[in-house]
Amino acid sequence: MLDTLRTIPTPEGIELTLKVAGPVPRAAAWSIDLMFRLIIVLAVQAVLAALGKVGIGISMLLWFALEWIYPVLFEVLWQGATPGKRQCHLRVLHEDGTPVGWRASVARNLIRAVDFLPFCYGFGLITMLLNRDFKRLGDLAAGTIVVHTERAEKPLAIPSAEPLIPNVSLALWEQRALIDFAERRAKWSDARAAELAAHALPLTRGVSEGETAKRLVRMANYLVGRR
Amino acid sequence: MRVEDIAITLRPRSTWEAIDLGYAMAQNWWKPLFSAWCAVYLPAALLINLACWQHPGIAVFVLWWLKPAFDRVVLHVLAAATFGAISSLRDTLHALPRLWWNNRLAVSLTYGRFDFARSFHLPMIQLEGARGQDLRKRRRVLGREGRGAAVWLTIICLHLEVTLIASCYLMVNLFSPGDPAFQLSWQMLFNAEVSKGMQFFGNAVNVVAISVLEPFYVAAGFAIYLNCRTVIEGWDVELAFKKMSSRVHEATRSTTTMAGQWMACIALAFAAGFMLSNVPEAWAQNETTTPPQSPESTQSPESATMCPKLSPDEVVAQAGGALEQAEGADIKSFTPHTGAADAATRVLDSKEFGQYKDSWKIRYIGPGFKQKPPPKKYDWAWLKSVIDFFAQSVRMLAWIGVAIVSAGLLYLIARYVGLSGWGRQSRKFGPEMLFGLDIRPESLPDNVPHAARKLLDDGHPRESVSLLYRAALVALIQDGRIEIGRGDTEGECVQRVRRVYSIQHEPGNFLEGKPDYFSALVKQWQRIAYAREIVSAADIEPLIEQWAIYFIINRADSALRKSPVPPHSIVAASIRGGR
């Protein structure tokens, strides 16, 4: 099965899943960062212009800092995300899923210079396309990975109904599917919900068609622990 | 297409994640995708370039404009692969007429070319066969979820394409010795004085860049489309339910086949154990990897079908890998480490390093010889004026910004220093309404106890207490030692009064009784307003007498006073309001 998930087993026996992010969201994040940096530089330059050559010197130093230090600082101190990445819900991590550290962040941002060649991340783009984890050269060297962050966890939104014990013992993923069904029930028309429910034949056999979806929602209520 | 055959994991994703899935799909099926693409696109590119021999620039444009036609080929291969049937090149070529005829190609190549979510809409046309009204409806329904990201996808992919093209140019420049192979400049876009060879080189670069990126673009659009349908139609749930049905069906079918499967599992586990026991040291190194699951560890008979976590092939591969690892370790331990330095010295001593060579070239410099004129420099003066103008306007904007900020600062300072007529005056006096009562000083009569007594004598005890209470609140707020918020209850007011006035006054001070008085007043008010008890005039009398001892109302400038609100109506309203 093809997916963009990467699983990382921890010593505790838990599997963490990371959703790797590809060139398109990362390009979007980079453009947002570029915009931020340009705004900062232009704003400061407009003020510094009054200082003449000293001002030019200061603004060049500022640009240097924005080019090289800005990504590192944000990635290490702000949960692995520059403002642009945060806007695009992206995050930099070590390959093993731990938060990115100084060493890795500095490495990946220094090698940015190579990725940038020959023009505006040409090498970076090609490397990402050739690579299963969409890593650019900097990521390959530093052992980092860019992932989509989890959106804020939504509370369980199952319409409450009288709980019903499922008549078949269900594996974990089947229970998950049943809960998913109940949670997203409101998005579907009655006909579509009945159609879906009809596929869960062992649970809905012998129930009239109008009742199948309701029956599954009741079972989901049982599964999430409502009694 | 059947959902069961799908080769990607179905789960509701964000649309950006779906784009990444599309890129992963193009990576995964790159062979069929790119072979189909090249088989169709490259001949077409060649033909068009030959046809536009006189004007190579037009060929680029035509090829770019014809993209939707080639997108259809990619989508055809991709959709087949996604639903479990990788179509061969011959099938694809066979399907070409069908893909181009009666597939809305004419629309896609005319006004449809400006569709910014092209790759997202294509599956609806090609796979669902939606047309006209249906298509519009489908676009609306699915577009609600996916159109935004699909438009961004198109914009970003366009930029990636430009990036790749420019990269190709600059690569050639980087690796051409001496002078750059060509001058890349904006002039090149407008001046036709570029050699034909150069132009065709540019066309080739374009073809390469589009060939690399277009399949990714189409795949990403297709993935957004799949994700939208997964979310809207619940494909993931459908698939899970179907799998569950077949699992339960299998589990309840017949016990004999199940026993057979158990036997197979056990035999497999024994085989695995045997193979691994042959390479004990290797296994010791490899212990961190997952050991084969024994069938006893699975608990329910349902999971018997999925019992062997390691297939026989995997077991063999693992055992073999362990063996290799062991051998590799042996070899490594015997390898000498000293050879590298010698080898380096040898290489540096060889004649390719540190050689000098004189080379001679004969050139005619006799009569008639002309020095090559130096290339004319382009006049950048106009750019300077543009930049100057830009700089001027930025400076102007900056001054305006500074002016706005300083004006704002002045305003804030004036407001907090308390210049009259600046900012909101009412801040000082707290809320205007409390518990549904109007507590502006202007709404009170001039002599509160007098007015209260008059109300009591007239047979309105409620209004009388109400007035006392209201006036007390006004006085407290004016006093400024207590802050009463909009949401405070009567009890909280009493507590605050107690805290502030008990501490701040020494014993013996006549204001000492203030908290007690206020609490008694509140109590009477609550009895009247909330409990609706009938209170005798004797209970109210002392409250009226003592009011003036504890409270005083400071009037604002009488010219500013609004007409007082009759107290009756307010009390009535507050009682009706249920507070």
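Residues numbered from 1 in each chain as written. Chains lettered and ligands numbered in written order. Predicted model: local features only at pLDDT ≥ 70, side-chain atom pairs only at ≥ 80, totals over all residues. Heavy atoms only, no water.

Draft legend 1. Quick look at the overall build of chain A. On a plain count of helices and strands, chain A comes out with 11 helices and four strands. Counting the 227 residues in chain A, one finds 43% classified as buried. Contacts in chain A between residues at least 24 apart in sequence constitute 63% of all its contacts with a sequence separation of at least 6. Accessible surface, chain A as shown: approximately 12000 Å² in total, 65% of it carbon and sulfur. (Helix = DSSP H or I, 4+ residues; strand = E, 2+ residues; numbered from the N terminus. Buried < 20%, exposed > 50% of the residue type's maximum accessible area, 1.4 Å probe, protein only. Contact = heavy atoms within 4.5 Å. Areas by Shrake-Rupley, 256 points an atom, 1.4 Å probe, with all protein chains shown as cover.)

Draft legend 2. Summary view of the pattern of salt bridges. Under the definition given, this model contains 36 salt bridges over all chains. Among the ionic pairs, A:Arg192 bridges to B:Glu238, the shortest N-O distance being 2.8 Å. Of this pair, A:Arg192 sits in helix H9 (residues 190-199) while B:Glu238 sits in helix H11 (residues 235-251), each in a different chain. Each of the two residues, A:Arg192 as well as B:Glu238, counts as buried. Through salt bridges with shared partners, one network takes in A:Asp3, A:Lys19, B:Arg11, B:Arg13 and B:Glu17. (Salt bridge = Lys/Arg side-chain N within 4 Å of Asp/Glu carboxyl O.)

Draft legend 3. Representation of the interface of chain A and chain B within the structure. Listed as interface residues are 53 residues of chain A and, on the opposing side, 52 residues of chain B. Around 4400 Å² of area is buried between chain A and chain B when both sides are counted, 68% of it from carbon and sulfur atoms. Looking only at chain A, the three residues that lose the most surface to chain B are A:Leu2, A:Val24 and A:Leu129, adding up to 16% of its buried area. The interface formed by chain A and chain B holds six salt bridges in total. (Buried area = accessible area lost by both parts, 1.4 Å probe.)

Draft legend 4. Just the nonpolar core, in detail. B:Tyr23, B:Met25 and B:Phe120 are the most contacted members of the largest nonpolar core, which has 92 residues in total. Among the elements that make up this core, the one with the highest residue count is helix H10 (residues 196-233) of chain B (16 residues). The residues contacting B:Tyr23, other than those within four sequence positions of it, are A:Pro23, A:Val24, A:Leu129, A:Phe134, B:Cys157, B:Leu160, B:Phe216 and B:Ala220. Listed in part, the 41 residues of the second largest apolar core include B:Ala451, B:Leu456, B:Cys493 and B:Ile553. (Core = buried A, V, L, I, M, F, W, Y, C linked by side-chain atoms within 4.5 Å.)

Draft legend 5. Looking closely at a nonpolar patch on the surface. All names here are of chain B. Side chains of Val405, Leu409, Leu410, Tyr411, Leu412, Ile413, Tyr416 and Val417 sit close together on the surface and give an oily, nonpolar patch of about 840 Å² of accessible area. Note that Val417 resides in helix H16 (residues 381-417). According to the relative accessible area criterion, Val417 is exposed, its value standing at 63%. (Patch = residues over 30% accessible without salt bridge, like charges linked within 9 Å, V, L, I, M, F, W, Y side chains within 5 Å.)

Draft legend 6. Structural view of helix H2 (residues 53-77) of chain A. All names here are of chain A. For H2, which comprises 25 residues, the first-to-last C-alpha distance of 33 Å matches the rise-based estimate of 36 Å (1.5 Å per residue) to within 8%. Taken as a whole, H2 carries its principal kink of about 45° at Ile69; the proline Pro71 stands between one and four residues after it. Turning to H2, its buried residues are Gly55, Ser59, Leu66, Tyr70, Pro71, Val72, Glu75 and Val76. Buried residues belonging to H2 abut helix H1 (23-48), helix H3 (83-87), strand S3 (90-94), helix H4 (102-110) and helix H5 (112-116). Of the residues trailing H2, Gln79 is marked for its positive phi of about 55°. (Expected span 1.5 Å × (residues − 1). Bend = angle between axes of the 7 residues up to and from the residue.)

Draft legend 7. Representation of the pairing of strand S2 (residues 15-20) of chain A within the structure. Residues and elements named next belong to chain A. Summarising the sheet, strand S1 (residues 5-9) and S2 pair through five bridges and their orientation is antiparallel. Residue pairing across strands places Ile8 opposite Leu16, the latter belonging to S2. Linking S1 back to S2 in an antiparallel pair, the connection comprises five residues, with Gly13 at a positive phi of about 85°. Direction of pairing for S2 relative to strand S4 (residues 144-148): antiparallel, over a ladder of two bridges. Counterpart to Lys19 in the pairing with S4 is His148. (Pairing = 2+ DSSP bridges.)

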